[in-house]
Number of protein chains: 2
Amino acid sequence: MQRMLEAQPVLVDVLPAGEALDGMTPDTVLVAGPVMAPGEYHGPQRDAIRYAAVHEGLAPDPDQAWERLVAGKIKLGHTLDYGCVGSTAGVHTFSTPVYRVEDPATGVRAHCGMYEFGTRRGLSLGVYDDEVRDRLHRLEEEVAPAIGAAVRAAGGIPLLPMMSRALRMGDELHSRTLAAAHVLARTLMAPLADLGHPHRRTAIEYLTTIDPLFLRLSMAAATVIVTSGHGVPGSTVVTGMVMNCRRFHVRLAGSDRWFAAPLPEPRGRFFPGFSVDDVVWTGGESCMTECAGLGGMAQAAAPALLDYHDGDFAGLIRHNLGLYSIVRTEHPDLVIPALGFRGVPFGIDAELVADTGLTPLIDVGYAGIGVGQVGAGSVRAPLACFTEALAAGAATGADATGA
Amino acid sequence: MQRMLEAQPVLVDVLPAGEALDGMTPDTVLVAGPVMAPGEYHGPQRDAIRYAAVHEGLAPDPDQAWERLVAGKIKLGHTLDYGCVGSTAGVHTFSTPVYRVEDPATGVRAHCGMYEFGTRRGLSLGVYDDEVRDRLHRLEEEVAPAIGAAVRAAGGIPLLPMMSRALRMGDELHSRTLAAAHVLARTLMAPLADLGHPHRRTAIEYLTTIDPLFLRLSMAAATVIVTSGHGVPGSTVVTGMVMNCRRFHVRLAGSDRWFAAPLPEPRGRFFPGFSVDDVVWTGGESCMTECAGLGGMAQAAAPALLDYHDGDFAGLIRHNLGLYSIVRTEHPDLVIPALGFRGVPFGIDAELVADTGLTPLIDVGYAGIGVGQVGAGSVRAPLACFTEALAAGAATGADATGA
């Protein structure tokens, strides 16, 4: 817990995944959630994998991409095994630009791909066409190099103070990252202007029009924070919550093993023309933010979330207060003004979850097939994966499968 | 009311007061609140007047400035009579750079000086030394021309959408304008970068370090909104609340006359080393924002205001809900997420104030003598000026002294 509380995530660079990630190879496609047999993938996550392989040049078309994958010529990897974290489908290939976030004191790192340039339709939601491809190229060739240069020129951007400020400006830093996007843009304004980078203009267009762009930094920062506490034998603190398109998974600090449970029922509001029937789970590791006390754990910071909720703000506050019963502490720098500047509920403990039967609240976006995002809302994590992790002795490390 | 609801304030330029304001002369010092006899001025507002005259070159030192004022060689004017609105002491001289905000559909305009570059110590709070002077020169010679050029290059900046967004990001747009500052900076990022103005760098420094800078735009926008509804015989809607260092004043839409009452008791929290005993009322017209439903009328938008309040967020919400009993309507575009996206209480009516005995809640900053800001909080407008305005038949225009 101490290491998690002391973690100081700093954005230090933007660079291609092939350069940034240990063990990354040109024929690997990283995905959100533990890797499954190819036949288990379906819907937007399957499409995202096929299209990512095509975009990377690993196959001429989506069908041949899938054949090569089944034949073992394209490999799947779980993002978190590569020091990366994946939004929705979570696809990253060799040339995907990623943010590098690290704690300079400990060297703990996490990477995350950049929010796509454009609309709700994008590769990470399983959509790919000429427009998506061209936008990805602008991201790779123009936005990422210019922002990377500005970040390096600034000597790195400490993210915790930015996140702390954003919580005071109506973000919960998962579904709502609008304030943080503004704080980031304002912070990069001087370095970008001074730099005179040939792609400065595109980078500014990106920073000033893509409202949810900070989500990926929030995810990487949360992953640095949470990973800092991972690997403590006997600890039942939750150090990971991730989804693939079939199952929800948790891991505890005492073990590297993921414990699965069925995906939750989608609840929320849907964009015009869409309903809950359009939702297909796509995977996603943005609930790493909830492991750091953000997102669904901090809804009382973000009254504008009511856009995607039934009920009123008193309800958000009531739910938020309840979540303090499943955590070990509160984060001193990440505070919620509407709760009298109380720190976010921090350090979810599987034992407390099992004792109370209350599971983490998670803010989510929903995707449909071939259409991108269709709505947003929040769900409760399934109880079974927490109780199974405890039953399997995950906390003692008795079942440890890895480091 | 309809004209106030339809007003669309747009930032169109930044230019010297002497150029911007009809009737402004080189020997005039504008002040917040109706003009008094020189002997009535005291404390920071008196100091601000003396120092403003020195800064403008109207006298070699503060004592001679006051002599010239008493002798009628320096004139005092009330900002609002010049289409201007004044924060705290409200001093504006011929070369003071002002924002020009106007509604293109109606031509209704308001101007406001720029938030000073630097710390809590500044001319508008009655402080002047070499450092304050140098910062004012940077504002006049570098920041104002560069921001003015960027605003013109952008073809004007509509402020209502920006204010609407800021209310969803934890501002109430009087004491708290942090989100709006970020939205403005982000909006000016591309025009400033493209422009290549010689003082671009200073302008960016200003936009990225002066957190309360949007206050002046909020005041000018509110003044455009409120002024749009002024001049309706028989109307008891409040179209102005302003202070000088002696009295609080209101005016109603039916008359140009200001009605005075004693200044309220300061309540709030004070910076380290200061207490309520250090507070000296300095004047100020930032409560024009409350006339537009912002500031103290919209505290439920800004939970971080609790920094300067006793009590909890439930209290802010309770007070905010109470204020709907003294207004005629709600603003459709300026909404408060924590109240389920209800519009801010809009169109304060003196009759409703008198009927209920409930007066507008006003967010304020406090100044001390020679030290700048010492704290912040909120106060209730005094009841007497509303009842006197009604008793005097202000609404009927029977007592009209002006247009």
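What counts, and where the lines are drawn
Residues numbered from 1 in each chain as written. Chains lettered and ligands numbered in written order. Predicted model: local features only at pLDDT ≥ 70, side-chain atom pairs only at ≥ 80, totals over all residues. Heavy atoms only, no water. Pairing = 2+ DSSP bridges. Helix = DSSP H or I, 4+ residues; strand = E, 2+ residues; numbered from the N terminus. Axes fitted to C-alpha atoms, helices over the stretch in contact; angles between N-to-C directions. Contact = heavy atoms within 4.5 Å. Buried area = accessible area lost by both parts, 1.4 Å probe. Salt bridge = Lys/Arg side-chain N within 4 Å of Asp/Glu carboxyl O. Polar contact = N/O pair within 3.5 Å; in protein donor to acceptor, adjacent residues only side chain to side chain. Nonpolar A, V, L, I, M, F, W, Y, C, P; charged D, E, K, R; others polar. Buried < 20%, exposed > 50% of the residue type's maximum accessible area, 1.4 Å probe, protein only. Domains from an automatic or database assignment. Arc of directions from axis to C-beta. Parallel < 35°, antiparallel > 145°, perpendicular 65-115°, else oblique.

The next thing to look at is the sheet that holds strand S11 (residues 268–270) of chain A. Residues and elements named next belong to chain A. One open sheet holds the three strands; their spatial order is S11-S15-S14, and the pairing between them is antiparallel. Strands with a single pairing partner mark the edges of an open sheet, and in this sheet they are S11 and strand S14 (361–368). Along the sheet, successive strands turn relative to each other by an average axial angle of 20°, direction set aside. Alignment of S14 against strand S15 (residues 372–380), held across eight bridges, turns out to be antiparallel. Following the sheet pairing, isoleucine 362 is matched in S15 by valine 379.

Let's shift gears to the interface of chain A and chain B. Each partner contributes residues to the interface: chain A has 34 residues there, and chain B has 34 residues. Summed over both partners, the interface of chain A with chain B buries about 3,000 Å², with 61% contributed by carbon and sulfur atoms. By the criterion of area lost to chain B, the three top residues of chain A are His182(A), Arg186(A) and Met189(A), representing 26% of everything that side buries. Our count for the chain A to chain B interface comes out at eight salt bridges. As a salt-bridge pair, Asp211(A) and Arg165(B) come within 2.9 Å of each other at their nearest N and O atoms. Where chain A meets chain B, there are 16 residue pairs in polar contact (both at pLDDT 80 or more). In terms of residue count, helix H7 (residues 178–195) of chain A provides more of the side of chain A that touches chain B than any other element does, 12 residues in total. Considering only residue class, the side of chain A that touches chain B consists of 21 nonpolar, four polar and nine charged.

Most of helix H8 (residues 200–209) of chain A sits out of view: seven of its 10 residues are buried. Within H8(A) the residues assigned to the buried category are Arg200(A), Thr202(A), Ala203(A), Ile204(A), Tyr206(A), Leu207(A) and Thr208(A). In this fold, the buried residues of H8(A) make contact with strand S5 (97–102), helix H5 (130–153) and H7 of chain A together with helix H7 (178–195) and helix H8 (200–209) of chain B.

Okay, the domain arrangement of chain A next. Residues and elements named next belong to chain A. The domain boundaries assigned to chain A delineate domain 1 (2–219) and domain 2 (230–395). In this structure, domain 1 and domain 2 have C-alpha centres spaced 21 Å apart. Both faces considered, domain 1 and domain 2 share a buried interface measuring about 3,800 Å² in area, 64% of it formed by carbon and sulfur atoms. It is Met4, Leu167 and His174 in domain 1 that bury the most area against domain 2; as a group they hold 17% of the surface buried on that side. Viewed at the interface, domain 2 and domain 1 are joined by one salt bridge. The partner of arginine 247 in a salt bridge is glutamate 40, with the nearest N and O atoms 3.0 Å apart. Applying the counting criterion to the domain 1 and domain 2 interface returns 17 residue pairs in polar contact (both at pLDDT 80 or more). At the level of secondary structure, the elements contributing two or more residues to the side of domain 1 that touches domain 2 comprise helix H1 (2–6), helix H3 (43–56), strand S4 (84–85), helix H6 (159–167) and helix H9 (215–227). For the side of domain 1 that touches domain 2, the residue count by class is 20 nonpolar, 16 polar and nine charged.

Another point: the sheet that holds strand S13 (residues 361–368) of chain B. All names here are of chain B. The three strands are arranged S10-S14-S13 in an open sheet whose pairing can be described as antiparallel. Only two strands of the sheet have a single partner each, and these edge strands are strand S10 (268–270) and S13. Between one strand axis and the next, the sheet turns by 20° as a mean value, whatever way the strands run. Bridge count between S10 and strand S14 (residues 372–380): three bridges; the pairing is antiparallel. Within the sheet, the bridge partner assigned to phenylalanine 270 lies in S14 and is glycine 375.

What follows covers helix H13 (residues 383–391) of chain B. All names here are of chain B. Within H13 the residues assigned to the buried category are Cys385, Phe386 and Ala389. Taken down its axis, H13 places every buried residue within 100° of arc, on the same side. For H13, the secondary structure elements touched by its buried residues are strand S7 (238–243), strand S8 (247–252), strand S9 (259–262) and helix H12 (350–356). Glycine 393 occupies a position one or two residues after H13 and carries a positive phi of about 70°.

What follows covers the packing of H7(A) against H8(A). All names here are of chain A. At a minimum axis separation of 11 Å, H7 and H8 run at an interaxial angle of 170°. By the angle class used here, H7 and H8 are roughly antiparallel. Residue-level inspection shows Leu184, Ala185, Leu188, Leu192 and Ala193 of H7 in contact with H8, the latter providing Arg200, Ala203, Ile204 and Leu207. For the contact of H7 with H8, the class distribution of residues is eight nonpolar, no polar and one charged.

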